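A look at the structure
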Amino acid sequence: MKKIEILDSTLRDGAQGEGINFSLQDKINIVKALDELGVSYIEGGNPGSNPKDLEFFKEIKKIPLKNAKICAFGSTRRKDTLCKDDLNLKSLLDAKTDVVVLFGKSWGFQVTEILQTTLEENLKMIKESCAYLKKHKKTVFYDAEHFFTAFQEDKSYAIKTLEAAIEGGADVICLCETKGGYMMDECREAVSEVVKLFSDKAQIGIHTHNDCGLAVANSLLAVKEGATQVQGVLLGFGERTGNANLSTIIPDLQLKMGYSCIPQENIKNLTAICKKIAEITNIRMNSQLPYVGKSAFAHKAGMHIDAVLKNPFAYEHIEPEAVGNTRVFLMSEVAGR
């Protein structure tokens, strides 16, 4: 089975969701749960943004992990600044993780209007920041922020930003669908072209948001086109309408599409770990979540119940036990005799 690396961003991108606020101990407990599930990478937070995240990276080193590697997240150097003098890059080194997720701008609008610098300086920021982290023996995942918007508006420059990251030594190029507004064919076209151009130079990843309800679909399409790393949040929460939901993506890839995401023996723990993370986060899991929701295998109509009692295959696409869930029969006026 082809391996797809899973990077969980519950503690970073998920923490940007409305009403989400993790304590330091919450973050450590979530790491333990995600490691138990068997994801490849856990994005621990941005050590340059707040003291809690900086403290997390100190404390998490004391916790032995079986499966996952912890990643620090931060931006490329500031404009007109040397890498060695950049406080954000310094904080990424101070986190002392083997893996750093570095984000930079792909979209000219963001470069000129938000960063207020030149397109050429942005390319230098990307290349030099990646090279600086590689010089310090880090594995570098480059997150190409707003890549799909950039690809539509100025494909040539969007591609140049990826080239700059690769020239700087980035190990993974992750295409970020930051605004969450792109349709499946648009995502497919962009990922396909990037895979053709760069898959022999770096691993290609995908990071999607759910503003059009397509985060899972676009992530799966990216894998079909050749992406080998998928970023998301286990329960899909995050800024605005949330991130790609890994509790759906992992079983879709592993049980339906023939890829390996986590150790096969761990998939049966998926529902329990989702419930544990929901409890730590202090949120109520959507009962209708695919695979792990309490209604995912609930049957109410009398004809459905009768059929499932005879053979569950009649109305269930997998056995609920495969992901650690259970079958439920609901008693009501529509349940028949």
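Below: a short report on this structure. Every value quoted in this text rests on a predicted model; they were computed, and no experiment measured them.

A few words on the overall build of the chain. What the chain contains, in helices and strands, is 12 helices and 12 strands. Since a compact globule built from 337 residues should have a radius of gyration of about 20 Å, the 21 Å found for the chain is in line with a globular shape. Seen along its three principal axes, the alpha-carbon backbone of the chain occupies a region of about 75 × 45 × 35 Å. Looking at the chain as a whole, 55% of its 337 residues are labelled buried. Partitioning the contacts of the chain with sequence separation of at least 6, the portion at a separation of at least 24 is 75%.

Now for helix H11 (residues 270–281). With 12 residues, H11 should cover 16 Å at 1.5 Å per step; its first-to-last C-alpha distance of 16 Å lies within 8% of that length. Every buried residue belonging to H11 is among Leu270, Thr271, Ile273, Cys274, Ile277, Ala278, Ile280 and Thr281, and all of these are buried. Of the residues one or two after H11, Asn282 is the one with positive phi, at around 65 degrees.

Right, let's get into the layout of surface pockets. Considering only enclosed or pocket space, the largest pocket measures out at about 400 Å³ in volume. In this structure, the largest pocket is lined by 16 residues; those nearest its centre are Ser75, Thr76, Arg78, Asn88 and Phe103. At the level of elements, helix H3 (87–94) and strand S5 (99–105) are the ones that each hand at least two residues to the lining of the largest pocket. Residues belonging to the lining of the largest pocket are distributed by class as follows: 4 nonpolar, 7 polar and 5 charged.

Next up on the list: the pairing of strand S9 (residues 229–232). Put simply, side chains in a regular strand alternate between the two faces of the sheet. In S9, alternate side chains face the same way, and those of Gln229 and Gln231 on one face and Val230 and Gly232 on the other are all buried. Of the pairings in the sheet, the one linking strand S2 (residues 5–8) to S9 comprises 4 bridges and is parallel in character. Along S9, the bridge assignment pairs Glu5 with Gln229. Judged from the 3 bridges that link them, strand S8 (residues 203–208) and S9 form a sheet pairing that is parallel. Its bridge partner being in S9, His207 is matched across the sheet by Gln231. Chirality of the crossover, the property in question, places the unit of S8, helix H9 (residues 215–225) and S9 among those that are right-handed.

Another point: the state of the cysteines. Covalent bonding between the sulfur atoms of two cysteines is what defines a disulfide. One pass over the structure, following the stated rule, counts 0 disulfides. In this structure Cys187 is not part of a disulfide, and its nearest cysteine sulfur, from Cys212, lies 9.6 Å away.

Another aspect to go through is the sheet that holds strand S7 (residues 172–177). Taken in spatial order, the 8 strands line up as S2-S3-S4-S5-S6-S7-S8-S9 and close into a barrel, and their pairing is parallel. In this sheet, adjacent strand axes meet at a mean angle of 25 degrees when their direction is disregarded. Along the sheet, helix H1 (residues 24–37) makes contact with S2, strand S3 (41–45) and strand S4 (69–75), crossing S3 at roughly 170 degrees. Running at roughly 135 degrees to S3, helix H2 (residues 51–59) makes contact with S3 and S4 of the sheet.

Conventions we followed
- Along each chain, residues carry numbers from 1 onward, in the same order as the chain's sequence is written.
- Residue-level local features of this predicted model are given only where pLDDT is at least 70; pairs of side-chain atoms are given and counted only at 80 or more, and the full residue set underlies all totals for whole chains, interfaces and linings.
- Processing note: side-chain calculations cover all non-hydrogen atoms of the structure and skip hydrogens and water entirely.
- Each helix is a run of H or I in the DSSP string that is no shorter than four residues. Each strand is a run of E no shorter than two, and both are numbered from the N terminus.
- For this measure, only C-alpha atoms enter the radius of gyration; the expected value for a globule follows 2.2 Å times N^0.38, where N is the number of residues.
- Burial classes: relative accessible area under 20% of the type maximum marks a residue as buried, over 50% as exposed, and values in between as partly exposed (1.4 Å probe, protein chains only).
- Residue contacts are counted whenever heavy atoms from the two residues lie within 4.5 Å of one another.
- In this scheme, a helix's expected span is set at 1.5 Å multiplied by one less than its residue total.
- In this analysis a 1.4 Å probe is tested at points of a 1 Å grid over the protein atoms alone, and where it fits but cannot get out there is a cavity; an open set with protein on both sides within 12 Å along at least five of seven lines is a pocket; lining residues have an atom within 4 Å of a point.
- Grid points are joined across faces, edges and corners, and a volume is the space filled by probe spheres set on the points.
- Ten residues, namely Ala, Val, Leu, Ile, Met, Phe, Trp, Tyr, Cys and Pro, are considered nonpolar, four, namely Asp, Glu, Lys and Arg, are considered charged, and the remaining ones, Gly among them, are considered polar.
- We call two strands paired when DSSP finds no fewer than two bridges between them.
- Seen with its strands pointing away from the viewer, a crossover is right-handed if its path from the first strand over the helix to the second goes clockwise.
- Here, two cysteine sulfur atoms that lie within 2.5 Å of each other are counted as a disulfide.
- Only the stretch in contact is used when fitting a helix axis, every axis being a line fitted to C-alpha atoms; angles between N-to-C directions are given from 0 to 180 degrees.

Structural measurements only, silent on function.
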